[in-house]
Amino acid sequence: MKKYRLSASRPFDLDRTLACGQAFRWECRDGWWQGVAGKKWVRIRQDGDCLRYEGISESFLVHYFGLDLDLNAILASINRDPVIDRAIRQYRGLRILRQDPWECLLSFICAQNAHIPFITRMITALADTFGDPVDAPWGDAHALPDAGVLSALGDGALDSCRLGYRARYILPAARRAAEDPAWTEKIRALPDDTGRQVLMQFPGVGPKVADCIMLFGFSHYRSFPVDVWIRRVMARHYCPGECRDGALGCREYETVRRIAQEHFGPYAGYAQEYLFMASREGLV
DNA sequence: AACCAGGTTCATT
DNA sequence: AATGAACATGGT
């Protein structure tokens with residue numbers, strides 16, 4: 001069991017960070033979060049300013065949870081109006097993870113038009129059915145299958161995972177990733193929004209999913225995924241003039257995204273996460 | 001039991 | 001360029 005001491009100037013809220021719907025491979029059982037990150041199992045809990053964890057190195061811990069970032073400075077930079085201020089006061093400590101891009105690709109293709117518990121089911125089914133077993137202390141656990149594994153499957157192989165129409169996207173997307181194993185490094189090397197355009201060439205990846213992958217998988221903190229919850233809060237508080245009719249009026253994705261990025265700046269993605277929470281919990 | 005969900009794609013205007 | 005419908009599934 002290892003320990004990591006959080007400094008007072010770098011707030012962190014493990015529970016919110018793992019439960020907020022950016023990652024779908026974590027489960028909380030008797031006070032401990034357990035999950036698989038990459039190929040390794042992880043157990044972790046937070047007691048005040050102390051993180052207790054096992055299964056990973058400290059450097060992985062710091063990188064994965066983004067503990068190297070000065071969150072207070074980031075939140076100060078996005079705190080530009082009363083709405084985001086309320087969300088920040090409520091959720092300070094929520095951080096954006098640095099997940100594996102392939103995991104993000106799978107997760108957010110599945111996430112379209114689905115509730116978060118359902119997304120978790122789908123991702124779990126993919127791992128349990130096709131992923132390599134991981135020797136976790138709590139019992140049976142699996143990593144997510146690599147693109148190569150999924151790309152070799154035939155039509156219908158995913159049926160038992162109950163992915164709905166998303167299954168039609170997963171296999172072609174896996175083939176595309178498998179035929180160019182360096183795709184993540186290529187995107188990493190690309191300038192700002194070019195990587196996003198490359199991601200949108202994957203089947204099943206539109207603007208929203210691409211923004212999620214850039215934000216959660218490539219640490220592109222300016223990305224601002226616009227889902228139904230964000231659309232609501234943006235329509236109500238940030239672009240009423242641009243919106244045709246009340247809550248669901250913000251039609252044009254690119255317009256909402258541009259307004260948010262201009263308003264919140266280079267860490268718009270952090271604002272997105274805080275607004276997402278606030279919108280879902282009825283805070284705004 | 002309807003309604004809706006971290007949307008994308010395709011066919012029409 | 002912009003809108004509308006189909007798409008599968010299951011949580012609330």
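Keep in mind it's a predicted model, so treat the numbers as computed, not measured.

Colleague: So what's going on with the protein's contact with DNA strand B? Which residues, and what values?
Modeller: The full set close to DNA strand B counts 28 residues, and Gly21, Asp227, Trp229, Arg232 and Gln272 are the nearest of them. Restricting the count to atoms of DNA strand B within 4 Å of the protein gives a sugar and phosphate share of 58%. The separation between a base oxygen of DNA strand B and a polar side-chain atom of His115 is 2.9 Å. Between DNA strand B and the protein, one listed contact pairs a phosphate oxygen with a side-chain N or O atom of Arg280 at 3.0 Å. Broken down by secondary-structure element, the contributors of at least two residues to the surface near DNA strand B are helix H11 (207-217), helix H12 (228-237) and helix H14 (268-280). The class makeup of the residues in the surface near DNA strand B is 15 nonpolar, eight polar and five charged.

Colleague: Break down the pattern of salt bridges for me, with residues and values.
Modeller: The final tally for this structure, using the stated rule, is 17 salt bridges. Note that Asp47 and Arg52 form a salt bridge whose closest N and O atoms lie 3.3 Å from each other. Classification of Asp47 as partly exposed rests on a relative accessible area of 31%. Under the relative-accessibility criterion, Arg52 is labelled partly exposed at 27%. The closest approach of N and O atoms between Arg257 and Glu254, which form a salt bridge, is 3.6 Å. Residue Arg257 and its partner Glu254 are both found in helix H13 (residues 253-264); the two are separated by three residues, about one turn of the helix. Classification of Glu254 as partly exposed rests on a relative accessible area of 39%. Residues joined by salt bridges that share partners form a network here, namely Asp193, Arg196, Asp211, Glu254 and Arg257.

Colleague: Could you give an account of the domain arrangement of chain A, naming the residues involved and the relevant values?
Modeller: Taken domain by domain, chain A consists of domain 1 (2-68) and domain 2 (101-218). Taken over C-alpha atoms, the centre of domain 1 sits 22 Å from the centre of domain 2. Counting from both sides, the interface comprises 15 residues of domain 1 and, opposite them, 19 residues of domain 2. Buried surface at the junction of domain 1 and domain 2, both sides included, amounts to about 1,400 Å², of which 64% is carbon and sulfur. It is Phe24, Arg25 and Lys39 that lose the most area in domain 1 upon contact with domain 2, and together they represent 51% of the buried surface on that side. Across the domain 1-domain 2 interface, the total number found is one salt bridge.

Colleague: Could you give me a rundown of the sheet that holds strand E3 (residues 32-37), with the residues and numbers involved?
Modeller: Strands sit in the order E1-E5-E4-E3-E2 across an open sheet of five strands; the sheet is antiparallel. Two strands lie at the open edges of the sheet, namely strand E1 (2-5) and strand E2 (26-29), each paired on one side alone. Taken over all neighbouring pairs, the strand axes of this sheet differ in orientation by 25° on average, direction set aside.

Colleague: Before we move on, could you go through the pairing of strand E4 (residues 40-47) and cite the residues and values that matter?
Modeller: Where E3 meets E4, five bridges bridge the pair, whose relative direction is antiparallel. Bridging from a neighbouring strand, Gly35 pairs with Val42 of E4. Counted between consecutive antiparallel strands, the loop separating E3 from E4 contains two residues, among which Gly38 sits at a positive phi close to 65°. Counting the residues between successive antiparallel strands, the hairpin from E4 to strand E5 (residues 50-54) contains two residues, one of them, Gly48, with a positive phi of roughly 60°.

Colleague: So what about the nonpolar core? Which residues, and what values?
Modeller: One finds Leu199, Phe264 and Tyr274 to be the most contacted residues of the largest nonpolar core, which totals 76 residues. The biggest single contributor to this core is H14, with eight residues. Beyond its immediate stretch of four places on either side in the chain, Leu199 contacts Trp183, Ile187, Val205, Ala210, Ile213, Met214 and Phe218. One finds Phe12, Leu14, Leu18 and Leu51 within the second-largest nonpolar core, a separate group that totals 20 residues.

Colleague: Describe the side chain of Gln261, listing the residues and the values that go with them.
Modeller: Note on placement: Gln261 falls in helix H13. The exposure class of Gln261 is buried, given its relative accessible area of 7%. Discounting chain neighbours no more than four positions away, the residues touching Gln261 are Arg222, Ser223, Phe224 and Ala268.

About the criteria used
- Residues numbered from 1 in each chain as written.
- Chains lettered and ligands numbered in written order.
- Predicted model: local features only at pLDDT ≥ 70, side-chain atom pairs only at ≥ 80, totals over all residues.
- Heavy atoms only, no water.
- Near = heavy atom within 4 Å.
- Polar contact = N/O pair within 3.5 Å; in protein donor to acceptor, adjacent residues only side chain to side chain.
- Helix = DSSP H or I, 4+ residues; strand = E, 2+ residues; numbered from the N terminus.
- Nonpolar A, V, L, I, M, F, W, Y, C, P; charged D, E, K, R; others polar.
- Salt bridge = Lys/Arg side-chain N within 4 Å of Asp/Glu carboxyl O.
- Buried < 20%, exposed > 50% of the residue type's maximum accessible area, 1.4 Å probe, protein only.
- Domains from an automatic or database assignment.
- Contact = heavy atoms within 4.5 Å.
- Buried area = accessible area lost by both parts, 1.4 Å probe.
- Pairing = 2+ DSSP bridges.
- Axes fitted to C-alpha atoms, helices over the stretch in contact; angles between N-to-C directions.
- Core = buried A, V, L, I, M, F, W, Y, C linked by side-chain atoms within 4.5 Å.

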